Amino acid sequence: MAEPSGVDRGIQSLISARNSLKSSLEKSKSIGSALERTGPRFDEIEQRLPSLEAAVRPIRADREALVAVGGHINRAVGPAAAVLKVFDAVHGLEKSLLSDPKNDLSGYLSVLKRLEEALRFLGENCGLAIQWLEDIVEYLEDHSVADEKYLSSLKKSLRLLREFQQEKAKLDGGLKDAALDKLENEFRRLLQDNSVPLPMASPSSLGEQQPCIAPSQLPVTVIHKLQAILGRLRANNRLEKCVSVYVEVRSSNVRASLQALDLDYLDITVTEFNDVQSIEGYISQWGNHLEFAVKHLFEAEFKLCNEVFERFGSSLWLDCFSKIAAQAGMLAFLQFGKTVTDSKKDPIKLLKLLDIFTSLNKLRADFNRLFGGAACIEIQNFTRDLIKKLIDGGAEIFSELLPQVEIQKQIPPPSDGGVPRLVSFVTDYCNKLIGDKYKSTLTQVLLIHKSWRSERFQENQLMVEVLRIIKMIEQNMDAWMKAYPDQTLSHFFGMNNHYHLYKNLKGTRIGDQLGDSWLKEHDQYKEYYATVFLRDSWGKLPSHLSREGLIIFSGGHATARDLVKKRLKAFNDAFDEMYKKQASWVVPEKDLRDRVCQQIVQAVVPVYRSYMQNYGPLVEKDASSSKYVRYTVVALEKMLSSLYMPKPMRYGSFKGTPPSEKLKNEVDLRRTTSAVV
């Protein structure tokens, strides 16, 4: 075959170049189209290059730094993971702790304890985990292992976490506080549901009926629940509120128990009564009510405070009890006693002060045990001040009795010839002071008062002072007898008063001390003055009914009749005058009155009866007989037998008291005499 020519070879070369050029053009076109499609992607890649550069920057970091960062991360992950796990557990307790602890108190307390343990763990470990994380950030920053922007964001998050950790209350979102609030409410509910006022019957009058008491302790199971609640609250520094709740509920319960006793009188003020006698019934009630309150109510509260708060120290429960006592009304009892001491002075007040002192002295051991602690200092001070007022006031009134009796000598004697109110009051009063009820108490009061003044008190000093008062009464009686212008009335007065002393002091401690001779002397004086009185008054009447000149002769009736008329008229006039004069006189003692009236009847009526039997017919037939025969024998005897009846009891007084009024004047004899044994 012949070889191609040079032309042919050139054409083939052109064809090959054309094809190659065509193929290149097509490829260029295809590449252009591809470039048009991938342009936006390059823009996106260009935008991501900085972050990609930052991401791969650690690869460019020092190899040792990259190796070390792993250890830092591992150390931080452990605590952080534990903290997160506990946080999850805390949230898991939320449902139980937001329920009512009443349904299962022990379970509730157990869950709360778990919460406290979890919060304690968080409090101890949150800081550690944050510290490790902060160390990682510091390492990454120092070795340029992480992006600055990333590090800045991480620092901000850790700073917020640190602030959050420092406010521990936020660790549980307030769950523990909510649970403790529920426990406080449950504590109040348990107290209120189980604090029931003591069932008692209020006495309608003093001394008739003592209130019936029932056990006041809380059930043991309730006490245990209260103690369990207090334990958890104390662990969380929330004990103070529960103590306040306890005081509020229990003091309210004591007040409710006392309401049945009708203690409104405790609020009385000095301006609301005139003298102690007007409230002496209240004073007697006060002693009974105070004893009941101390021995039953406050005693029960004292024991209960000890049982409930015994695990928390004596200072806490004693302070709690002192607040209950103060708020329940103990101070009101003491204030009433002080009100009595601030009232106006009079002899009856001395007896009432002694009554109050006796009540307090009777409860002295209870007061020292219940209110002797430092927490009850207010009650102690109030009680101490009250006792001082009682002793000073009682000693002062007693010391003023003698001068006050002496000053009554200036007062005129009674116009009815009876026993002066002063005499009857003082004899009864002195018997009371020396009697079983008051002697030992008054002696104790005077002894204490003397000791405060560093003065000596003799054992028989009380009796000596009382005898001086009685002797002063004797002197007053002598002065009063001399003050009567009418001797008959003076003798009548002497008869009454000497007998009063004899009768009211015989068989008493005062009478025994004065002796039989003293008593007999007054009895003899009574007999003497009774005899003289009868002789000089009613004993003169029979002389008007003389029989002299009344021997009836035949034809002498007219003369005899005139003489009888004259003598009957003289008798009637003398009788009427004497009866009118003595109709207002009194003999207070019934036995003496009966005897005196009987003697008068025996002195007058037999003579009058005999005279009327013998000579009455001479004038009874006369048209004017009523002018001369004014009284029948029966009427005359009845009139004489009804003489000297005492008038209704009246109020008496010590008059003539100086303006200083060191001793209050008015003395209610109705009360005084009825109270004397």
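Residues numbered from 1 in each chain as written. Predicted model: local features only at pLDDT ≥ 70, side-chain atom pairs only at ≥ 80, totals over all residues. Heavy atoms only, no water.

(A) Spatial organisation of the nonpolar core. Ranked by size, the top nonpolar core spans 159 residues in total, and within it Trp538 and Tyr644 carry the most contacts. The residues contacting Trp538, other than those within four sequence positions of it, are Phe533, Phe575, Met578, Tyr579, Gln582, Ile600, Val604, Leu640, Leu643 and Tyr644. (Core = buried A, V, L, I, M, F, W, Y, C linked by side-chain atoms within 4.5 Å. Buried < 20%, exposed > 50% of the residue type's maximum accessible area, 1.4 Å probe, protein only. Contact = heavy atoms within 4.5 Å.)

(B) Main features of the pattern of salt bridges. Tallied over the full model, the rule gives 35 salt bridges. The salt bridge partner of Glu280 is Lys352, with a shortest N-O separation of 3.7 Å. Of this pair, Glu280 sits in helix α8 (residues 280-309) while Lys352 sits in helix α11 (residues 347-362), and the two are 72 residues apart along the sequence. Each member of the pair, Glu280 together with Lys352, is buried. Across the pair Asp576 and Arg630 runs a salt bridge, and its minimum N-O distance is 2.5 Å. Taken together, the positions of Asp576 in helix α20 (residues 557-582) and Arg630 in the loop between α21 (590-620) and α22 (633-641) put the pair 54 residues apart, joining distant regions of the chain. The exposure class assigned to Arg630 is partly exposed, which follows from its relative accessible area of 34%. (Salt bridge = Lys/Arg side-chain N within 4 Å of Asp/Glu carboxyl O. Helix = DSSP H or I, 4+ residues; strand = E, 2+ residues; numbered from the N terminus.)

(C) The arrangement of the packing of α11 against helix α14 (residues 421-434) in detail. Where α11 meets α14, the closest approach of the two axes is 11 Å, and the angle between their N-to-C directions is 15 degrees. Put simply, α11 runs roughly parallel to α14. Handedness of the α11/α14 crossing: left-handed. Of the residues in α14, those touching α11 at Pro347, Ile348, Leu350 and Leu351 are Phe425, Tyr429, Lys432 and Leu433. Residue composition of the contact of α11 with α14, by class: seven nonpolar, no polar and one charged. (Axes fitted to C-alpha atoms, helices over the stretch in contact; angles between N-to-C directions. Parallel < 35°, antiparallel > 145°, perpendicular 65-115°, else oblique. Left-handed = near helix turned anticlockwise from the far one by under 90°. Nonpolar A, V, L, I, M, F, W, Y, C, P; charged D, E, K, R; others polar.)

(D) Region of interest: the packing of aromatic side chains. Taken as a whole, this structure holds 26 aromatic pairs when the rule is applied. Look at Tyr265 and Phe336: their rings are 5.2 Å apart centre to centre, the planes differ by 80 degrees, and that puts the pair in the edge-to-face class. Placement of the pair is Tyr265 in the loop between α7 (239-259) and α8 and Phe336 in helix α10 (residues 330-341), with a sequence separation of 71 residues. Relative to Tyr608, the ring of Phe571 lies with its centre 5.2 Å away and its plane at 20 degrees, an arrangement referred to as stacked. Residue Phe571 is located in helix α20, and its partner Tyr608 is located in helix α21; the two are separated by 37 residues in the primary sequence. Here Phe571 matches Tyr608 in class, with each residue buried. Every member of this aromatic cluster is reached through a ring pair, and the members are Phe298, Phe302, Trp317, Phe321, Phe367 and Phe371. (Phe/Tyr/Trp six-rings, centres within 6.5 Å; stacked < 30°, edge-to-face > 60°.)

(E) Highlighting helix α5 (residues 175-194). With 20 residues, α5 should reach 28 Å at 1.5 Å per residue; the first-to-last C-alpha distance of 29 Å fits that figure. Residues Leu175, Ala179, Leu180, Leu183, Glu184, Glu186, Phe187, Leu190 and Leu191 constitute the buried set of α5. (Expected span 1.5 Å × (residues − 1).)

(F) Geometry of the packing of α8 against α10. Closest axis-to-axis distance for the α8/α10 pair is 11 Å, and the angle between their directions is 155 degrees. Between α8 and α10, the angle falls in the class roughly antiparallel. The interaxial crossing formed by α8 with α10 has left-handed handedness. In this structure, α8 contributes Tyr282, Ile283, Trp286, His289, Leu290, Ala293, Val294 and Phe298 to the contact, and α10 contributes Met330, Phe333, Phe336, Gly337 and Val340. Here the contact of α8 with α10 is built from residues that sort into 11 nonpolar, two polar and no charged.

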